Amino acid sequence: IMSAIPAVPASPAVAKAPSSQSNAIFFVGWPERFHMAERYSDEVLAHDPELTDPDKLLLWAVRHQANEGECTTSRPSMWDKVATAKWMAWRQIGKKSKPEAMNVFVRVVAELHPEWWKWPALGLVEAEEEEGEEEMEEGEPVAEGPGSLDLSLGAVPGSAVGNVPGATNGTGPPLLKPPAGEEEKGAPNTPSGGRESRPLSRNLSRMGQGWQPLVTSGLPPRAHYRHAAAVIGAHMYVFGGRTHGGRLPEGVRVLSMVSCEWSQPVIEGSVPARWAHSMNAWRHMVVVFGGVRKREYLADVALLDTHNLCWLHAEPTAAEPTFGAVKNSPSARAYHSATLVHNRLYVFGGEDSTGLLPPDVHALDLLTLSWVRHKCSGHVPVAVRDHVAIAAGSRMLVVGGSTAAGYVDGSKLAVLETETMVWAQVRCSGQVPSARAGHAVAMTPSMSEGGWDLCIFGGGDGLRGFSDLFRLDLTSSEWSKVNSEDDATNGLTPREGASVASAGTLLVVFGGYTSTGCSADAYICDQGMYASSLASSIAADSELEENGKEGLSALALLSSADAQEVSAAQEVFGRAMQVAVLGVECDLGCGEWVPVGHDETFGAATQRLELLQLQLSRAPENSPARRATFLASCHAGLLPVASGGTECWFIFYWVCVLNVSTGQRASAMSAGVQLSAPLLAKARETRFTKSISALAREVGGSADGQDVQELLTHRLMTLHAQLTEAWYSAIGALLAAEAEAQALAE
């Protein structure tokens, strides 16, 4: 039995993402892929006359392990040979986890029937693609040889066989089985794992200022602290930390900010558990560096691909030194800070087994995976640990921490200008936070138009812990205290080692170490401020009402402020749905960036859609924008295609539409338009870090741009037409899905 189980590969040096080939099963996440294999096993594989008894035993045992875990039942009677054989098969699997067993079950099914996923009932391929295969008729008898064991592959108690989504998923964390009628139409991946994003939980919509407990569902993490969290789109990824007794939790947990549901995705590859590490969001990746495992300090770099759900083990090299830098990689460390500025990860401070580390600054170029150590000048800070650093434009702000002389307060901030590598010290006024370490910081939209504020929460000074929340206005360098003197009435007690994540105006606190031990609670705080983009949308909404569209009962919000994208959506929605369209700026928080490939582009579009849902839920109750019937998003991407020995680049769009009332969602992809040579050259020059519209403006405004302006205008007009067709396709798919759901309901 054990020799027949395909081995789960050890952590590879680089865990490659699934290729975007025609094999549609690679786009299906977990546990949906396992449930599809279960269904196929019950309805097709079980009736295969060539299926041997060892095959049946293996499938039965692995399936039980995947649904119920390790075998803990007592041995059946020796006279019951069938039950004994099943029990022994299950017992021999050992301590494999449920996710591992799911993986093994799917791989066993694939070895027995390599093209099982093409079964039309699963909905991954069109029925006509199966013309060459014989279909087994219902009720066809199965031949049994003399003396064969009757090992049926019936449904395992507690399994979710049936009701399997016919759509695909996998961009973000796979959640539990999606409700009927909420399948994704026409998209390769969905950030919520094939499940339609539900409106924000009621406890969020009723929430005012101050911390409130966040009521979540799904698979919450264990209580732990000194973990790290990062936000990609509207999902918060949590990794590492310590639990009660100092144990290290394995795996990654994901909290959907829209549905308030925890999930534990099955991720290809593995990264050693750790604590006191850093974790940063970069594009659709989560970058992990350093930390402590047992008594070993780490210096590895790992990237979590949230689209393809796999760990990438990076092996950065020391880059050739540039002016003001030397060829050097950082030593192993923990309690450090890592800040992402313009595709570079700046690592500062921390400690190792010998104590505090020098205040050197190392930078990892994430596009080339190369390290350098910068020679900084100016007011260089002293060595510090357990601090926090955060980016503000091209500057890195260092807040709090512990030095050889004691704890650092908020009256003076060390600021590094990354373009010149010069340190400075900024004096702050107002309600200055007391000296602390083990705290957490996040950026939220400022009370001033278009700005950002720094928020600091929790921490301790060796004598006491804190649960206060402070906000720093980066324009005036003035601190203000946000929450009340004592939030213990809401359960938010003082804590160290917690994580704080921001999504728009929302702050989410998870975990930490309190006076009673580790915490697994989550709290949320809304500062009561609404993004300026929604304010401008409301103004535009009122303007439309004045022009005769009173009430605007049919309104669509598009998570884009680009004139071309808004224009295409207005044209299509106005004709097909009689809906007015308002463009809303929706920042992904990763700066300008052109995704390459279908998966990355679709992921960016769906992330924008979820962020728009989150943003809309925080709008004032009397806002006309709250009456939106549709939410939509689009994102441009690039696709390289090799043709005749040359490589051509095409620009295309993914678009997504959500019906707010029904929860139905549909997506479509536009046809591609070949990128002009000037635009491609400019994109490569900027390493694909600027949007297409920004590149077009730069090319058009350059000295030699006049010659290519006519060609550029033609390409953009063609792209506008392709985008319009994609919107028609998405709306058509949405209407078809709603009609199908209505027919099923009737």
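Residues numbered from 1 in each chain as written. Predicted model: local features only at pLDDT ≥ 70, side-chain atom pairs only at ≥ 80, totals over all residues. Heavy atoms only, no water.

### Overview of the overall build of the protein
Here is step 1 of the chain: A count of helices and strands for the protein gives eleven helices and 43 strands.
Here is step 2 of the chain: When burial is assessed residue by residue, the protein has 54% of its 746 residues classed as buried.
Here is step 3 of the chain: Here the analysis covers contacts within the protein between residues at least 6 apart in sequence; of these, 64% occur between residues at least 24 apart.
Here is step 4 of the chain: Surface accessibility of the protein: about 32200 Å² in total, with carbon and sulfur atoms responsible for 51%. (Helix = DSSP H or I, 4+ residues; strand = E, 2+ residues; numbered from the N terminus. Buried < 20%, exposed > 50% of the residue type's maximum accessible area, 1.4 Å probe, protein only. Contact = heavy atoms within 4.5 Å. Areas by Shrake-Rupley, 256 points an atom, 1.4 Å probe, with all protein chains shown as cover.)

### So, the packing of aromatic side chains
Here is step 1 of the chain: According to the stated counting rule, one finds 14 aromatic pairs in the structure shown.
Here is step 2 of the chain: Ring geometry for Tyr40 against Trp116: centres 6.0 Å apart, planes inclined by 55°, an arrangement best described as tilted. Placement of Tyr40 in helix H1 (residues 32–43) and of Trp116 in the loop between helix H4 (98–112) and helix H5 (202–205) is noted, with a sequence separation of 76 residues between them.
Here is step 3 of the chain: Tyr40 sits in the buried class, given a relative accessible area of 7%.
Here is step 4 of the chain: Residue Trp116 is classed as buried on the basis of its relative accessible area, which comes to 2%.
Here is step 5 of the chain: When the centroid spacing of 5.6 Å and the interplanar angle of 65° are considered together, the rings of Phe573 and Trp727 count as edge-to-face. With Phe573 in helix H7 (residues 563–576) and Trp727 in helix H11 (residues 706–745), the pair connects residues that are 154 residues apart, well separated along the chain.
Here is step 6 of the chain: Aromatic ring contacts, followed pair by pair, group Tyr40, Trp116 and Trp119 into a single cluster.
Here is step 7 of the chain: The side chain of Arg242 reaches across the aromatic face of Trp275, ending 4.3 Å from its centre.
Here is step 8 of the chain: Over the ring of Phe466 we find Arg436; its NZ or CZ atom is 4.2 Å from the centre of that ring. (Phe/Tyr/Trp six-rings, centres within 6.5 Å; stacked < 30°, edge-to-face > 60°. Lys NZ or Arg CZ within 6 Å of the ring centre and 35° of its normal.)

### Comments concerning the pattern of salt bridges
Here is step 1 of the chain: Applying the stated criterion across every chain yields a total of 14 salt bridges.
Here is step 2 of the chain: Residue Lys118 is joined to Glu115 by a salt bridge in which the shortest nitrogen-to-oxygen separation is 3.5 Å.
Here is step 3 of the chain: Since its relative accessible area comes to 43%, Glu115 is described here as partly exposed.
Here is step 4 of the chain: A salt bridge links Asp300 to Arg274; the shortest N-O distance between them is 2.7 Å. Here the residue Asp300 occupies a position in the loop between strand S10 (296–297) and strand S11 (301–305), and Arg274 occupies one in the loop between strand S6 (261–263) and strand S7 (278–282), the gap between them amounting to 26 residues. (Salt bridge = Lys/Arg side-chain N within 4 Å of Asp/Glu carboxyl O.)

### Comments concerning the pairing of strand S32 (residues 478–481)
Each regular strand displays side chains that alternate between the two surfaces of the sheet.
Here is step 1 of the chain: Of the strand pairs in this sheet, strand S28 (residues 429–430) and S32 are connected by two bridges, and their pairing is parallel. Opposite Gly430, over in S32, you have Trp479 as the bridge partner.
Here is step 2 of the chain: Bridging between strand S31 (residues 469–473) and S32 involves four bridges; their strand directions are antiparallel. Opposite Asp473, over in S32, you have Glu478 as the bridge partner.
Here is step 3 of the chain: Counting the residues in the hairpin turn of S31 and S32 gives four residues, including Ser477, whose phi is positive at 55°. (Pairing = 2+ DSSP bridges.)

### Some remarks on the sheet that holds strand S4 (residues 235–239)
Here is step 1 of the chain: Ordered by their spatial adjacency, five strands build an open sheet running S2-S6-S5-S4-S3, and the pairing between neighbours is mixed. Both edges of this open sheet fall to strand S2 (217–218) and strand S3 (228–232), since each of them pairs with a single strand only.

### A closer look at helix H8 (residues 598–617)
Here is step 1 of the chain: Here H8 spans 29 Å end to end across 20 residues, near enough to the 28 Å set by a 1.5 Å rise per residue.
Here is step 2 of the chain: Along H8, 18 of the 20 residues are buried, which leaves the element largely enclosed by surrounding structure. (Expected span 1.5 Å × (residues − 1).)

### Some details on the confidence of the model for the protein
Here is step 1 of the chain: Across the protein, pLDDT averages 75, with 72% of residues at or above 70.
Here is step 2 of the chain: The element-level mean pLDDT for the protein is lowest in H5, coming to 36, with strand S16 (residues 344–348) highest at 95.
Here is step 3 of the chain: Note on residues 529–552: pLDDT under 50 across the span, and 41 contacts to partners over four residues away in sequence or across chains.
Here is step 4 of the chain: Scored below 50 in pLDDT, residues 702–708 shows four contacts in the model against residues more than four places distant or in partner chains. (pLDDT = per-residue confidence, 0-100.)

### Notes on the sheet that holds strand S34 (residues 506–510)
Here is step 1 of the chain: Here four strands make up an open sheet; going across it, the order is S1-S37-S34-S33 and the pairing antiparallel. This sheet does not close on itself; its edge strands, each paired only once, are strand S1 (211–213) and strand S33 (499–503). The sheet shows a mean angle of 25° between the axes of neighbouring strands, direction not considered.
Here is step 2 of the chain: Where S33 lies against S34, five bridges are found, and the strand directions are antiparallel. Across the sheet, residue Ser499 finds its bridge partner in S34, namely Phe510. (Axes fitted to C-alpha atoms, helices over the stretch in contact; angles between N-to-C directions.)

### Some words on the side chain of Ser278
Here is step 1 of the chain: Tracing the chain through its elements places Ser278 in strand S7.
Here is step 2 of the chain: The exposure class assigned to Ser278 is buried, which follows from its relative accessible area of 6%.
Here is step 3 of the chain: A distance of 3.1 Å separates a polar atom in the side chain of Ser278 from a polar atom in the side chain of His336.
Here is step 4 of the chain: Apart from residues no more than four positions distant in its own chain, Ser278 is found in contact with Val287, Val288, Phe289, His336 and Ala338. (Polar contact = N/O pair within 3.5 Å; in protein donor to acceptor, adjacent residues only side chain to side chain.)

### Observations regarding the nonpolar core
Note that soluble globular proteins tend to have their nonpolar side chains buried in a common cluster.
Here is step 1 of the chain: Counting residues in each nonpolar core, the largest one holds 34 residues, and the members touching the most others are Leu558, Phe573, Phe630, Val655 and Trp727.
Here is step 2 of the chain: Sorting the residues of this core by element identifies strand S38 (555–558), H7, strand S40 (630–643), strand S41 (646–659), strand S42 (665–669), helix H9 (677–685) and H11 as the ones contributing at least two each.
Here is step 3 of the chain: No other element matches H11, which puts seven residues into this core.
Here is step 4 of the chain: Apart from the residues lying within four places of it in its own chain, the contact partners of Phe630 are Leu555, Ala556, Leu557, Phe573, Met577, Val579, Val657, Leu658, Asn659, Val660 and Leu734. (Core = buried A, V, L, I, M, F, W, Y, C linked by side-chain atoms within 4.5 Å.)

### Brief notes about the pairing of S16
Here is step 1 of the chain: Summarising burial for S16: four of the five residues are buried, a large majority.
Here is step 2 of the chain: Taken together, the five bridges between strand S15 (residues 337–341) and S16 define a ladder with antiparallel strand orientation. Opposite Val341, over in S16, you have Arg344 as the bridge partner.
Here is step 3 of the chain: Alignment of S16 against strand S19 (residues 361–365), held across five bridges, turns out to be antiparallel. Note on S19: the bridge partner recorded for Phe348 is Val361.

### Here we look at the packing of helix H2 (residues 53–68) against H4
Here is step 1 of the chain: In contact at an axis separation of 7 Å, H2 and H4 are set at 150° when each is read in the N-to-C sense. Judged by the inter-axis angle, H2 sits roughly antiparallel to H4. Between H2 and H4 the crossing geometry is left-handed. The residues of H4 that touch H2, namely those facing Asp55, Leu58, Leu59, Val62, Arg63, Gln65, Ala66, Asn67 and Glu68, are Lys98, Ala101, Met102, Val104, Phe105, Val108, Val109 and Leu112.
Here is step 2 of the chain: Residues belonging to the contact of H2 with H4 are distributed by class as follows: eleven nonpolar, two polar and four charged. (Parallel < 35°, antiparallel > 145°, perpendicular 65-115°, else oblique. Left-handed = near helix turned anticlockwise from the far one by under 90°. Nonpolar A, V, L, I, M, F, W, Y, C, P; charged D, E, K, R; others polar.)

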